[in-house]
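This is what each chain is made of:
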Amino acid sequence: MIVKVRRCVLNVVISLVLSALSFGVSSEQTDSKALYKTHCSECHGATRTGMMGPALLPENLSRLRKNKAITVIKNGRTATQMPAFKDILNDQEISSITEYIKSKPEVQPSWVKSDIDKSHSVYHANGTLPDKPKFEADLQNLFIVVELGDHSATLLNGDTFEPIHRLKTRFALHGGPKYSPDGRYVYFTSRDGWISKYDIYNLEFVAEVRVAINTRNLAISKDGKYAMVANYLPQTLVLLDTENLKPVKIFDVKNDNGETSRVAAVYTAPPRNSFIAALKDFKEVWEIPYDQAELKVRKIPVDDYLDDFFFDQSYKHLIGASRDSKDGQVIDLELGKKIKTIDLAGMPHLGSGITWEYKGKTVMATPNLKDGQVSVIDMTTWEVIKRIETKGPGFFMRSHKNSKYAFVDVFFGPNKDLMHAIDKETLEIVETLKPIPGKTAAHIEFTKDGSHALMSIWENDGALIVYDAKTLKEVKRLPMKKPSGKYNVHNKTNYASGTSH
Ligand code: DHE
C-alpha cells in the first residue's frame, strides 16, 4: 500500500476524527471499506486496482502473508512510497484493512482484448508526419526528462542544456521511457497501463493504447518492430506492433497448474533477439524470442522469485534477486539454469546496476535499497570484491565509459541530499556532492560523450542540475517539477554499459 507522504498529515487528521467518531464502537463494527477509502484509495485506487501504488487484490497478494501485510502497513515498505501507519491506525484497524485487501472485490476487474482495442488511438498514421525535425540539435544527444511533479516530460538539448519542448504525459509514468533504435520515437509507460508513442521530430503523440489496469514497464525489440509490456493486472505480457501500437499477442502468465503470476519487469536482450521477463509469483524467468515465426515462451526455472534483475553486456547472464533474499542468483541464459549464488547483503537494487572495466576485468556495481553500501562484483568469478560504504541506502547508479566516476545517490534517510562520486579505478568515494541541503538528489545521466552529468533534485519545486563530469562543478540549473529520471538517446539506443537498458 503506497500513499503519498504529503497526504499523511491530512490522513492523520481524518484518522483522529474517525477514531473520535468510532469511540465506543466494537471492533467488529470497524468499517474496513471506509478505512481503505480514507487511507489507501488515493494511491491504490478506489476499486483496489492500483494507481501510484500496486493493485491490492487477492490474486496480486498471494506472496504477501497476513502477518507480513500487517507489518508493511504498520512500518511502511522499503524502496517504495508506502509510509508507516503505526501512529495513525490502531492494530484492529490495520488488521481490518488487511482482511479487506485480501477479500474478493465486489466487482472483479477485467481488461481484455476488446478493452485494449477500444482504447487504441492512432493520431498520426505512420509516414504522415515529416521526417525532418522541427528543431536544430544533435539528435543523438537529446534527453527526455520525466517530471513526475505535474505528469510532464521535457525534451532537452544535450549540448546547450536548453529545453526544446515540454509535453503533458499520462498520469504517473514509471520506469525509463524507451526509444526506437533511430531515436526518433519515444515510448512512455504509465502505471495505469497506458503506452504512448511520441514523435520527437514532430513533437507530437502519434499513437496510444491502454494495455492493462496496472502495468510495470515496457521493452523495445532490437529491430524496433515490437514493444513488450509487463503487467500486474491483468497478469499478462502484451506484445505491440510499434508502428501503430496495435496489439499483436497477449500472453497470459500462467503455469502448468493454471496459477497466474504478476510480471515484475520485461527487458530486451538485443543479441538474443528476445524479450526476457521476470515473474513475481513463480520461480521462473520467461524468454520470448521475436525472430521466429511462432512466438513461443521458453520457461527457465530459477531458485527464488526475481523481483529485480540485471544482465551482463553480452546478455549471456542474468543476475537476479528477490526483495526478501540477501543472495543474488546468476542464471546462464544459454544453459537455462542457475550457475552461481552471489552473497549480497541488505536489498540490492540490481535493476540499477552498471558495469565497467576494472584492472583488466569487468565488474558490476549495484546500490542497496536497505543498507548504505554499493557492492562491486567480479563478473567472471561472481565474487563481491568490494563493499563501498555510503551515507545511506541508494536507488540509482550511473557512469559513462569516458568518465572516471560512477555516481550513486543516497535516496533514503537523513542524507538524501547527497550524491557520491566513486573513482572507478580505486573503488573509493572521492567526492560527495550536496547540491541543495535537505532536498533529495538522485538519478544521474550522462551526455552522449560523457562530458556532463545531469542530476535530479527530486522535489516538486525541484531542478535538473548539470555538472561538468571532470571537475564536478555545477554548470547549469534548470527548475523542474520532480524530475524523476532523464534518458539520453545515444546512451540508451547503444545500450551503454554505464546506464540502464
Ligand atoms: Fe521503479 C525503473 C521497479 C518504486 C522510479 N523500477 C524501474 C524498473 C523496475 C522498477 C522493474 C525498470 C523498468 C524500466 O525502466 O524498464 N520501482 C520498482 C519497484 O518494484 C518499486 C520498488 C515499487 C513500485 O512501486 O513499483 C519501484 N520506482 C519506484 C519509486 O517509488 C520511484 C522512486 C518513483 C516512481 O516513479 O514511482 C521509482 N523506477 C523509477 C525510475 C525508473 C524506475 C525513475 C527508471 C530508472 C532508469 O534510469 O532507467
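Residues numbered from 1 in each chain as written. Predicted model: local features only at pLDDT ≥ 70, side-chain atom pairs only at ≥ 80, totals over all residues. Heavy atoms only, no water.

### Details of the coordination of the iron atom of the ligand
Applied cut-off: We call an atom a donor if it is N, O or S and sits within 2.8 Å of the metal, or 3.2 Å for Na, K and Ca. Water is not counted, so some sites may look partial. Strands are runs of DSSP state E lasting at least two residues, helices are runs of H or I lasting at least four, and both sets are numbered from the N terminus onward.
What the protein offers the iron atom of the ligand as a donor is a single atom, H174 (NE2), at 2.2 Å. The residue H174 is located in the loop between β4 (163-168) and β5 (178-179) in this model.

### Brief notes about helix α5 (residues 91-102)
Stated precisely, the cut-off is as follows: Expected helix span is computed as 1.5 Å times (number of residues minus one). Burial classes: relative accessible area under 20% of the type maximum marks a residue as buried, over 50% as exposed, and values in between as partly exposed (1.4 Å probe, protein chains only). What qualifies as a polar contact is a pair of N or O atoms within 3.5 Å, subject to a donor-acceptor requirement within protein and to the restriction that residues adjacent in sequence count only when both atoms come from side chains.
Compared with the 16 Å implied by 1.5 Å per residue over twelve residues, the 17 Å span of α5 between its first and last C-alpha is a close match. Considered for burial, the residues of α5 that qualify are E93, I94, S96, I97, T98, Y100 and I101. Of the residues that open α5, the one with a side-chain oxygen 3.1 Å from the backbone nitrogen of Q92 is N90.

### A look at the sheet that holds strand β29 (residues 441-446)
Heads up, the rule is: At least two bridges found by DSSP between two strands is the condition for calling them paired. Only the stretch in contact is used when a helix axis is fitted, and all axes are lines through C-alpha atoms; the angle between N-to-C directions ranges over 0 to 180 degrees.
One open sheet accounts for four strands, arranged β29-β30-β31-β32; its pairing is antiparallel. With one partner strand each, in any of the chains shown, β29 and β32 (474-480) form the two edges of the open sheet. Between one strand and the next, the sheet's axes are offset by a mean angle of 20°, whatever the strand orientation. As paired strands, strand β30 (residues 452-457) and strand β31 (residues 462-468) are joined by six bridges and run antiparallel to one another. Considered in β31, the bridge of M455 is made with I465.

### Remarks on the side chain of R216
Rules: The positive count covers Lys and Arg only, the negative count covers Asp and Glu only, and His and the chain ends enter neither. Basic side-chain nitrogens of Lys or Arg form a salt bridge, by our definition, when they fall within 4 Å of a carboxyl oxygen of Asp or Glu. Any pair of residues with heavy atoms lying within 4.5 Å of one another is described as a contacting pair.
Structurally, the position occupied by R216 is in strand β9 (residues 214-220). Salt bridges are absent for the buried R216, whose nearest opposite-charge side chain, D307, sits at 7.7 Å. At a separation of 3.1 Å, a polar atom in the side chain of R216 contacts the main-chain carbonyl oxygen of A264. Apart from the residues within four sequence positions on either side, R216 is in contact with H174, R191, A230, N231, Y232, V263 and A264.

### Thoughts on the pairing of strand β18 (residues 317-321)
The buried fraction of β18 amounts to five of the five residues, a majority that puts the element mostly inside the structure. Sheet analysis places strand β17 (residues 308-311) next to β18, joined by four bridges and oriented antiparallel. Within β18, the position partnered with D308 by the bridge is A321. The hairpin formed by β17 and β18 contains five residues between the paired strands, and Y315 there has a positive phi angle of roughly 60°. As paired strands, β18 and strand β19 (residues 327-332) are joined by four bridges and run antiparallel to one another. Note on β19: the bridge partner recorded for L318 is I331. If you look at the hairpin formed by β18 and β19, you'll find five residues sitting between the two strands.

### Describing the site of the ligand
Formally: In these notes, residues near a molecule or strand are those with any non-hydrogen atom within 4 Å of it. The nonpolar class holds Ala, Val, Leu, Ile, Met, Phe, Trp, Tyr, Cys and Pro. Asp, Glu, Lys and Arg form the charged class, and all remaining residues, Gly among them, are polar.
Surrounding the ligand, one finds 23 residues, the nearest of these being H174, K178, R398, H443 and S500. A distance of 2.8 Å separates an oxygen atom of the ligand from a polar atom in the backbone of G176. Contact distances for the ligand include 2.5 Å between an oxygen atom and a side-chain N or O atom of R398. Looking at the shell around the ligand, its residues break down into ten nonpolar, eight polar and five charged.

### Observations concerning the sheet that holds strand β6 (residues 185-189)
If you walk across this open sheet you meet the five strands as β1-β8-β7-β6-β5, and the pairing is antiparallel. With partners counted over all chains shown, the strands left at the sheet margins are β1 (121-122) and β5, one partner each.

### Here we look at the state of the cysteines
Here a disulfide denotes one covalent bond, and it connects the sulfur atoms of two cysteines. Stated precisely, the cut-off is as follows: Counting rule for disulfides: a pair of cysteine sulfur atoms within 2.5 Å.
The tally for this structure, following the rule as stated, stands at zero disulfides. This cysteine, C40, is not joined by any disulfide, and C43 carries the nearest cysteine sulfur, 9.2 Å off.

### A word on the pattern of salt bridges
By the definition in use, this model includes 26 salt bridges. E106 serves as the salt-bridge partner of K33, at 3.3 Å between the closest nitrogen and oxygen. Residue K33 is located in helix α2 (residues 32-39), and its partner E106 is located in the loop between α5 and α6 (113-119); the two are separated by 73 residues in the primary sequence. Residue K33 is classed as partly exposed on the basis of its relative accessible area, which comes to 41%. Here the residues in one salt-bridge network are R272, E287, R298 and E334, joined through shared partners.

### Notes on the packing of aromatic side chains
What counts, and what does not: Paired rings are identified among Phe, Tyr and Trp, the last through its six-membered ring, by centres lying within 6.5 Å, and are further divided according to the angle between planes into stacked (under 30 degrees), edge-to-face (over 60) and tilted (the rest).
On inspection of all chains with the given rule, the structure shows 18 aromatic pairs. A centroid spacing of 6.3 Å and a plane angle of 55° characterise the contact between F188 and F205, whose relative ring orientation is tilted. Residue F188 is located in strand β6, and its partner F205 is located in strand β8 (residues 204-210); the two are separated by 17 residues in the primary sequence. When the centroid spacing of 4.9 Å and the interplanar angle of 70° are considered together, the rings of Y198 and F205 count as edge-to-face. On the basis of relative accessible area, Y198 is assigned to the buried category, the value being 1%.

### Remarks on unusual backbone geometry
Residue P234 is bonded to the preceding L233 through a cis peptide linkage, with omega at -10°. Summarising the element assignment, P234 is placed in the loop between β10 (226-233) and β11 (236-241). Positioned with a positive phi, F161 is a non-glycine residue whose angle comes to about 60°. Structurally, the position occupied by F161 is in the loop between β3 (152-157) and β4. At W382, a position not held by glycine, the phi torsion is positive, near 60°. A relative accessible area of 5% places W382 in the buried class.

### Comments concerning the nonpolar core
Nonpolar side chains tend toward joint burial in soluble globular proteins. Note the cut-off: Throughout this description, the term nonpolar core refers to a set of buried Ala, Val, Leu, Ile, Met, Phe, Trp, Tyr and Cys residues connected via side-chain atoms within 4.5 Å.
Formed by 18 residues in total, the largest nonpolar core has its most connected members in Y36, I73, F85, L89, I97 and I101. Of all elements in the fold, only α2, α4 (66-75) and α5 reach the threshold of two or more residues within this core.

### With respect to the packing of α2 against α5
Where we set the bar: Should an angle lie under 35 degrees it is considered roughly parallel, over 145 roughly antiparallel, and from 65 to 115 roughly perpendicular; all remaining angles are considered oblique.
α5 packs onto α2 with a crossing angle of 95° between their chain directions and a minimal axis gap of 9 Å. When the interaxial angle is binned, α2 and α5 end up roughly perpendicular. Along its contact with α2, which presents S32, K33, L35 and Y36, the element α5 presents E93, S96, I97, Y100 and I101. By residue class, the composition of the contact of α2 with α5 is five nonpolar, two polar and two charged.

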